[in-house]
Amino acid sequence: MSFIKQLGLASRLPATVARPLLAPQQRLMASYATETPATPFTQPVQSFLRKFDTNEPLSIIELERSVFGAPIRRDILQRVVVWQRDNLRQGTQSTKGRADVRGTSKKGAQQKGRGKARVGSMRAPHFRGGGIAFGPKPRDHSTDLPNKVQLMGLRVALSAKYAQDQLVVVDSLQALKTPKTKELQRILDTAHADNSSILIMANEPDAKLEMAAGNLSRCGVLGLDEINVLSLLKFDKLIIEKEALDELEAFLKH
Amino acid sequence: MLAQFAKLSLQRTTLRANTASVQSIRLFSGNGNIVPPSQPIDLGNLADNPGAVTERLRLGRGPGYGKGKTAGRGHKGQKARSGNGPPRPWFEGGQTPLVKRMPKRGFVNQHAKKYQPVNLERLQHWIQEGRLDSTGITMADLLDSRCIHKIEDGVKLLADGAEEFNVPVHIEVSRASQKAIAAIEKAGGSVTCRYYNALGLRVVTRPEKWGFRSLPKFAEPVKVKDKEWYSDPKNRGYLADPAAIEAAKAEAKAL
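Please read all numbers here as calculations on a predicted model, not as lab measurements.

Student: How should I be thinking about the sheet that holds strand β4 (residues 175–176) of chain B in this particular structure?
Tutor: Across a sheet, strands are paired by hydrogen bonds formed along the backbone, either parallel or antiparallel in direction. Residue and element names in this part refer to chain B. Strand order in the open sheet formed by 3 strands is β1-β2-β4, and the pairing between neighbours is parallel. Bordering the open sheet on either side are β1 (116–119) and β4, each of which pairs with just one other strand. Note that β1 and strand β2 (residues 155–158) share 4 bridges and pair parallel. From the neighbouring strand, Pro117 faces β2, where its bridge partner is Lys156. Across the sheet, helix α3 (residues 120–128) touches β1 and β2, and the angle it forms with β1 is around 70 degrees.

Student: What exactly am I supposed to notice about the sheet that holds strand β1 (residues 45–50) of chain A here?
Tutor: Residue and element names in this part refer to chain A. Read across the open sheet, the 6 strands follow the order β2-β1-β3-β6-β4-β5; overall the sheet is mixed. At either end of the open sheet lies a strand with only one pairing partner, and these are β2 (57–63) and β5 (219–222). Shown here is a sheet whose adjacent strand axes are inclined to one another by a mean of 30 degrees, direction ignored. The pairing of strand β4 (residues 198–201) with strand β6 (residues 237–241) spans 4 bridges and is classified as parallel. Bridging from a neighbouring strand, Ile200 pairs with Ile239 of β6. Sitting on the sheet, helix α5 (residues 147–163) is in contact with β1, β2, β3 (167–170) and β6, with an inclination near 70 degrees to β1.

Student: Would you mind showing me how to read the pattern of salt bridges here?
Tutor: Side-chain pairs of opposite charge can arise whenever the charged atoms involved come near each other. Residue and element names in this part refer to chain B. In this structure the tally under the stated criterion is 11 salt bridges over all chains. In this structure, Asp226 engages Arg175 in a salt bridge whose closest nitrogen and oxygen atoms are separated by 3.1 Å. Of this pair, Asp226 sits in helix α7 (residues 224–231) while Arg175 sits in strand β4, placing them 51 residues apart in sequence. The burial state of Asp226 is the same as that of Arg175; both residues are buried. Salt-bridge contacts for Lys249 lead to Glu246; the nearest nitrogen and oxygen are separated by 4.0 Å. With Lys249 and Glu246 both in helix α8 (residues 242–254) and 3 residues apart, the pair spans about one turn of that helix. Classification of Lys249 as partly exposed rests on a relative accessible area of 26%. For Glu246, a relative accessible area of 48% puts it in the partly exposed group.

Student: Before we go on, may I ask you to explain a positive patch on the surface in this structure?
Tutor: All names here are of chain A. On the surface, a cluster of positive charge is contributed by Lys107, Lys112, Arg114, Lys116 and Arg118. For Lys116, the position within the fold is in the loop between α4 (74–88) and α5. For Lys116, a relative accessible area of 64% puts it in the exposed group.

Student: Quick question: what am I supposed to make of the packing of aromatic side chains here?
Tutor: The relative placement of two aromatic rings is captured by the distance of their centres and the angle of their planes. Residue and element names in this part refer to chain B. Applying the stated rule across the entire model yields 4 aromatic pairs over all chains. Residues Tyr196 and Phe218 carry aromatic rings whose centres are separated by 5.7 Å and whose planes lie at 75 degrees to one another, so their mutual orientation is edge-to-face. Placement of Tyr196 in the loop between β5 (190–193) and α6 (198–205) and of Phe218 in the loop between α6 and α7 is noted, with a sequence separation of 22 residues between them. Their ring planes at 75 degrees and their centres at 5.1 Å tell us that Trp229 and Tyr230 sit as a pair that is edge-to-face. Ring pairing ties together the aromatic residues Tyr195, Trp229, Tyr230 and Tyr238, which thus form one cluster. The aromatic ring of Trp229 is capped on one face by Arg175, whose charged end is 4.1 Å from the ring centroid.

Reading guide: rules and limits
Residues numbered from 1 in each chain as written. Chains lettered and ligands numbered in written order. Predicted model: local features only at pLDDT ≥ 70, side-chain atom pairs only at ≥ 80, totals over all residues. Heavy atoms only, no water. Pairing = 2+ DSSP bridges. Helix = DSSP H or I, 4+ residues; strand = E, 2+ residues; numbered from the N terminus. Contact = heavy atoms within 4.5 Å. Axes fitted to C-alpha atoms, helices over the stretch in contact; angles between N-to-C directions. Salt bridge = Lys/Arg side-chain N within 4 Å of Asp/Glu carboxyl O. Buried < 20%, exposed > 50% of the residue type's maximum accessible area, 1.4 Å probe, protein only. Patch = residues over 30% accessible without salt bridge, like charges linked within 9 Å, V, L, I, M, F, W, Y side chains within 5 Å. Areas by Shrake-Rupley, 256 points an atom, 1.4 Å probe, with all protein chains shown as cover. Lys, Arg positive; Asp, Glu negative; His and termini not counted. Charge placed at Lys NZ, Arg CZ, Asp CG, Glu CD. Phe/Tyr/Trp six-rings, centres within 6.5 Å; stacked < 30°, edge-to-face > 60°. Lys NZ or Arg CZ within 6 Å of the ring centre and 35° of its normal.

The structure is reproduced here in structure tokens:
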């Protein structure tokens with residue numbers, strides 16, 4: 001289901017089209033290249049791997065620095081969020097102009113000899129019951145944002161979660177045995193006991209989890225293929241399964 | 001030392017299982033240079049860089065704005081009127097321009113396909129230099145190795161250098177000439193001609209452009225002529241019956 005599997009092109013392209021990621025020419029050059037020296041910018045960052053139901057740490061894992069330790073660019077987040085919200089707009093607001101308003105098209109008064117202003121149409125904008133001048137009409141508000149900025153937005157959002165200690169990596173979400181809201185509530189209250197809102201991200205779509213979280217306003221569930229900056233920022237904490245995190249890393253690292 | 005701390009804190013926290021608050025190891029991770037931002041990052045604290053967005057000029061909206069009366073166009077004349085741009089390159093001040101004085105000639109076929117030619121000598125040179133892997137060459141590989149510099153509507157394999165061609169190569173292209181097919185098969189390789197429309201070529205060359213979305217399907221040829229061409233075993237088309245292709249190969253070998 002996840003988008004990263006869709007990116008595993010081998011299965012989707014005709015057999016003759018599937019090819020290694022590196023062209024032979026690049027492979028040749030890569031074999032000559034020496035190993036890149038370890039700099040602070042290539043070192044991974046670390047995090048605890050925790051148990052979902054108790055929050056107790058199991059081990060220490062390493063995360064890609066370019067994904068979880070990227071410089072925090074507020075402006076990029078702003079651009080992505082504005083772009084997302086633009087695209088979310090329904091664009092159905094509508095008003096009636098002078099051509100759309102119901103009523104006669106008869107000339108309101110004779111042209112001359114009245115000693116008053118000329119009246120061509122009774123539905124002109126300055127009349128009571130007239131049309132709206134330059135009013136809104138249904139339209140598409142969506143805008144474009146370069147793909148690279150979109151991906152950078154995801155990296156920055158994830159890095160912001162990490163930098164603010166709002167990223168919780170768990171080994172598995174299977175600790176939730178039943179689709180009961182009460183049980184999820186208990187886990188969140190005991191293990192993740194603060195008032196922060198929580199976004200849970202599972203590797204595979206989890207009907208149990210979605211059912212349990214459906215009525216919890218502080219808790220959201222997001223599929224891996226639905227990941228987006230706006231949802232990440234709407235919630236304080238991000239609880240993510242290790243496998244989902246690995247797939248994200250593979251997709252976003254550079 | 002940092003590793004030690006991490007280990008210690010892990011031990012300590014494991015001992016205190018079920019206690020919710022466990023210190024983050026972020027500060028002890030890597031070079032320890034990841035610190036939380038001074039202002040929290042949430043939807044209430046986002047802003048673009050100062051100066052990143054220029055406000056639109058509001059011309060002709062009254063004296064208070066400074067661009068009211070003549071709206072920056074000065075007084076009267078051709079340049080003050082609407083609808084006048086700078087003169088275009090062919091404009092000769094009102095005199096009948098050259099492009100209008102000369103009669104029209106010929107025509108451009110809008111439906112013609114422009115195939116990038118690849119000759120066998122160039123293909124062989126690329127393989128011998130190690131820039132192409134001869135076991136399975138696609139048009140994307142040709143492009144990546146700069147054997148061709150652009151794919152317009154596809155690639156056509158041509159037979160320059162067929163006499164000296166001696167590398168067994170398995171290749172898939174849009175079209176191939178009869179002589180090129182014969183030379184490649186004589187050297188122990190194979191050719192498949194496959195139809196790609198513009199979208200299909202883009203999928204093959206730039207699959208990463210689809211990002212989160214699933215890849216589109218590959219289109220079959222629509223035109224009757226294309227269908228016939230790709231169904232012809234003589235052309236090693238991908239729609240042709242494999243048995244017929246084998247027969248055609250055997251026939252060529254016998255000659």
